[in-house]
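Read off the chains here:
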Amino acid sequence: MQLRDKVIVITGGGQGIGAALARRFSQEDPAGIVVGDLDRTNAETIAREVNGVGLACDVTTEAGTVELIEAARSHFGPVDVFCANAGIAFEGDVDLPDTEWQRMFGVNFMAHVYAARHLVPEWTARGEGYLVVTASAAGLLTSLGSAPYAVTKHAAVAFAEWIAITHGDAGVRVSVLCPQGVNTAMLEGGGALNQLLRPDAVEPEKVADDVVDAIDDERFLILPHPEVEKYFQNKANDYDRWLGGMRKLNRQARAWIEHISE
Ligand SMILES: NC(=O)c1ccc[n+]([C@@H]2O[C@H](COP(=O)([O-])OP(=O)(O)OC[C@H]3O[C@@H](n4cnc5c(N)ncnc54)[C@H](O)[C@@H]3O)[C@@H](O)[C@H]2O)c1
């Protein structure tokens, strides 16, 4: 899909990958960009930069997502491209309280369901529309140290696949973005094990370029770290061997964290 003259919504667009997407999309002469974020000031700042509209929104509520879609419609027209990008990350094992599991599920997964619920019917009627889901390499592989992040990002990938399969023939395009480390506030703040991702982290601007290329090609899987494709193949080829390798990495990572925090 060409982004020229398209109406685009980006959630979590106030900073990081979402802000880079807004800036990169603005170079393609879209009809308009709506930037939604929990942080109103950041959303409005990025929106001003890209001649768009910035809104405070909470994507964990269906009403928050509908508000973004309606804002896009009233300022620019019906939404052509929706980037479900807002996400949160924190470490946690099985003992995390239900409220924390639900909080992560709300942002990293249910928000995508709300967007699709309100856009897929109109896109299938029109025969065109594009959902870009920001998942993570954790959605194909795993996330050391965070059970809810691994699980919710797998859910995001599974949902994106399902929409692509079920509504692709009616013209709904889907891409799923699965980076490893990206240099944003999330990587800085997401817990000690995030340090493992820092040496190979890429800039959000590179990720945004990759997203534009994938939309242009209408390609499903976006891998800013190409080595993830190999890891994903290793997992599919021999699951037990892959699990053994990940257990070893987990042990090494924990020993290293203990060592550097002594
Ligand atoms: N940074 C990484 O290393 C990395 C790697 C893989 C995937 N991702 C994914 O990329 C996406 C963007 O992350 P980022 O790295 O730019 O992080 P970030 O923390 O810099 O930005 C996330 C943005 O989402 C917003 N947000 C959070 N909860 C929200 C809510 N309920 N409603 C609306 N907005 C909300 C935040 O205010 C923030 O502006 C996330 O889905 C994240 O999981 C990040």
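Coordinates for the structure precede this section.
Residues numbered from 1 in each chain as written. Predicted model: local features only at pLDDT ≥ 70, side-chain atom pairs only at ≥ 80, totals over all residues. Heavy atoms only, no water.

### Describing the site of the ligand
Alright, step 1. In the vicinity of the ligand, 28 residues are found, and the nearest of them are Ile17, Asp37, Tyr149, Val182 and Thr184.
Alright, step 2. At 3.0 Å from a nitrogen atom of the ligand is found a main-chain nitrogen or oxygen belonging to Val59.
Alright, step 3. For the ligand, the protein covers 93% of the area, taking 830 Å² as the surface of the free molecule.
Alright, step 4. Of all the secondary-structure elements, those providing two or more residues to the shell around the ligand are helix H1 (16-26), helix H5 (147-167) and helix H6 (185-189). (Near = heavy atom within 4 Å. Polar contact = N/O pair within 3.5 Å; in protein donor to acceptor, adjacent residues only side chain to side chain. Areas by Shrake-Rupley, 256 points an atom, 1.4 Å probe, with all protein chains shown as cover. Helix = DSSP H or I, 4+ residues; strand = E, 2+ residues; numbered from the N terminus.)

### Description of the pairing of strand S2 (residues 32-37)
Alright, step 1. A large share of S2 lies buried, amounting to six of its six residues.
Alright, step 2. In terms of strand pairing, strand S1 (residues 7-11) meets S2 through five bridges, oriented parallel. Opposite Val9, over in S2, you have Val34 as the bridge partner.
Alright, step 3. Handedness of the β-α-β unit built from S1, H1 and S2 comes out right-handed. (Buried < 20%, exposed > 50% of the residue type's maximum accessible area, 1.4 Å probe, protein only. Pairing = 2+ DSSP bridges. Right-handed = clockwise from strand over helix to strand, strands pointing away.)

### Observations concerning the pairing of S1
Alright, step 1. Most of S1 is tucked away, with five of its five residues classed as buried.
Alright, step 2. Taking every second residue as pointing to the same face, both faces of S1 are buried, with Val7, Val9 and Thr11 on one and Ile8 and Ile10 on the other.
Alright, step 3. Bridge count for S1 against strand S4 (residues 81-84) is three bridges, and the pairing is parallel. Within the sheet, the bridge partner assigned to Val9 lies in S4 and is Phe82.

### What about the pattern of salt bridges?
Alright, step 1. Under the counting rule described, the total for this entry stands at 13 salt bridges.
Alright, step 2. Residue Arg103 is joined to Glu100 by a salt bridge in which the shortest nitrogen-to-oxygen separation is 3.1 Å. Of this pair, Arg103 and Glu100 are both found in helix H4 (residues 98-126), three residues apart, which corresponds to roughly one turn of the helix.
Alright, step 3. Arg103 sits in the partly exposed class, given a relative accessible area of 40%. (Salt bridge = Lys/Arg side-chain N within 4 Å of Asp/Glu carboxyl O.)

### Things to note about the environment of Gly171
Alright, step 1. Examined against the element boundaries, Gly171 turns out to sit in the loop between H5 and strand S6 (172-177).
Alright, step 2. For Gly171, a relative accessible area of 11% corresponds to the buried category.
Alright, step 3. Residues Gly171 and Val207, spaced 36 residues apart in sequence, show a C-alpha to C-alpha distance of 25 Å.
Alright, step 4. Setting aside anything within four residues of it in sequence, one finds Gly171 in contact with Gly127, Glu128 and Gly129. (Contact = heavy atoms within 4.5 Å.)

### Structural notes on the nonpolar core
Alright, step 1. By size, the foremost hydrophobic cluster in this structure holds 44 residues, and its most contacted members are Val79 and Phe82.
Alright, step 2. By residue number, the principal contributor to this core is H4, which donates nine residues.
Alright, step 3. Apart from the residues within four sequence positions on either side, Phe82 is in contact with Val9, Thr11, Thr65, Ile69, Ala115, Leu119, Trp123, Tyr130, Leu131 and Val132.
Alright, step 4. Met1, Ala43, Val81 and Val207 belong to the second largest nonpolar core, which has 30 residues in total. (Core = buried A, V, L, I, M, F, W, Y, C linked by side-chain atoms within 4.5 Å.)

### So, the side chain of Asn85
Alright, step 1. By the element assignment, Asn85 lies in the loop between S4 and H4.
Alright, step 2. Judged by its relative accessible area of 8%, Asn85 falls in the buried class.
Alright, step 3. Beyond its immediate stretch of four places on either side in the chain, Asn85 contacts Thr11, Gly12, Ile17, Gly18, Leu21 and Thr134.

### Regarding the layout of surface pockets
Alright, step 1. Looking at the second largest pocket, its volume works out to about 200 Å³.
Alright, step 2. Lining the second largest pocket are 13 residues, with Thr142, Ser143, Leu144, Gly145 and Asn250 positioned closest to its centre.
Alright, step 3. Considering each element in turn, the lining of the second largest pocket owes the most residues, four residues, to helix H9 (residues 239-260). (1 Å grid on protein atoms, 1.4 Å probe; cavity = no way out; pocket = protein on both sides within 12 Å on 5 of 7 lines; lining within 4 Å. Points joined across faces, edges and corners; volume = space filled by probe spheres on them.)

### Section: helix H2 (residues 40-49)
Alright, step 1. Taken as a whole, H2 has its buried residues at Ala43, Ile46 and Ala47. When H2 is viewed along its axis, its buried side chains cluster within an angular range of 105 degrees and face the same direction. With respect to the buried face of H2, the exposed residues turned more than 90 degrees away are Thr41 and Arg48.
Alright, step 2. In this structure, the buried side of H2 is in contact with H1, S2 and strand S3 (53-56).
Alright, step 3. Just past H2, the residue Asn51 takes up positive phi, approximately 55 degrees. (Arc of directions from axis to C-beta.)

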